[in-house]
Amino acid sequence: MRVIVVGSGVVGAGCAYTASCLGADVVMVEAGLPGQATAAGAGIVSPWASHADDPLWYAFAAAAARDYPRLIGELAAAGAGDAGYRQVGAG
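Read on for an overview of the structure.

## Focus: a nonpolar patch on the surface
And then number 1: On the surface, Ile-4, Val-6, Val-27 and Val-29 cluster together to form a nonpolar patch covering roughly 400 Å² of accessible area.
And then number 2: Along the chain, Val-6 turns up in strand β1 (residues 2–6).

Listed below in structure tokens is the structure:
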């Protein structure tokens, strides 16, 4: 199966990683505009600070944020090295 992931922020990268682990051939597409996505957010994963009015988006984002520490551990165990993850503030 071939999968195209649009956006290489934390959500896109996580989706691409998961699809790859499931055997998909993954291509990531990113606009590369300055001051966008993870570069602007400095890697911050905190849907609780967002003001989205979409309950489905919020539920998905909150679940992804809760799963993030497990994903970082899995990546480190797979040899990705230290991702620099640490929890500060919200959680």
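Read on for the rest.
## Topic: helix α1 (residues 10–21)
And then number 1: Given a rise of 1.5 Å per residue, 12 residues ought to cover 16 Å, and the 16 Å separating the end C-alpha atoms of α1 matches this to within 8%.
And then number 2: Taken together, the buried positions of α1 are occupied by Gly-12, Gly-14, Ala-16 and Ala-19.
And then number 3: The secondary structure elements touched by the buried residues of α1 are β1 and β2 (25–29).
And then number 4: Looking at the residues trailing α1, positive phi occurs at Gly-23, about 100°.

## Digging into the packing of α1 against helix α3 (residues 55–80)
And then number 1: The N-to-C vectors of α1 and α3 enclose an angle of 60°; their axes lie 11 Å apart at closest approach. The angle between α1 and α3 falls in the class oblique. The element α1 and its partner α3 pack so that their crossing is left-handed. Within the contact between the two elements, α1 uses Val-10, Val-11, Tyr-17 and Cys-21 and α3 uses Phe-60, Tyr-68, Leu-71, Glu-74 and Leu-75.

## A few points about the pattern of salt bridges
And then number 1: Evaluated as defined, the whole model comprises three salt bridges.
And then number 2: In this structure, Arg-70 engages Glu-74 in a salt bridge whose closest nitrogen and oxygen atoms are separated by 2.4 Å. A residue pair is termed a helical-turn pair when its members lie 3 or 4 positions apart in one helix, as Arg-70 and Glu-74 do in helix α3 at four residues.

Reading the values: rules and limits
Residues numbered from 1 in each chain as written. Predicted model: local features only at pLDDT ≥ 70, side-chain atom pairs only at ≥ 80, totals over all residues. Heavy atoms only, no water. Patch = residues over 30% accessible without salt bridge, like charges linked within 9 Å, V, L, I, M, F, W, Y side chains within 5 Å. Areas by Shrake-Rupley, 256 points an atom, 1.4 Å probe, with all protein chains shown as cover. Salt bridge = Lys/Arg side-chain N within 4 Å of Asp/Glu carboxyl O. Helix = DSSP H or I, 4+ residues; strand = E, 2+ residues; numbered from the N terminus. Expected span 1.5 Å × (residues − 1). Buried < 20%, exposed > 50% of the residue type's maximum accessible area, 1.4 Å probe, protein only. Contact = heavy atoms within 4.5 Å. Axes fitted to C-alpha atoms, helices over the stretch in contact; angles between N-to-C directions. Parallel < 35°, antiparallel > 145°, perpendicular 65-115°, else oblique. Left-handed = near helix turned anticlockwise from the far one by under 90°.

Taken by themselves, the reported measurements are silent on function.
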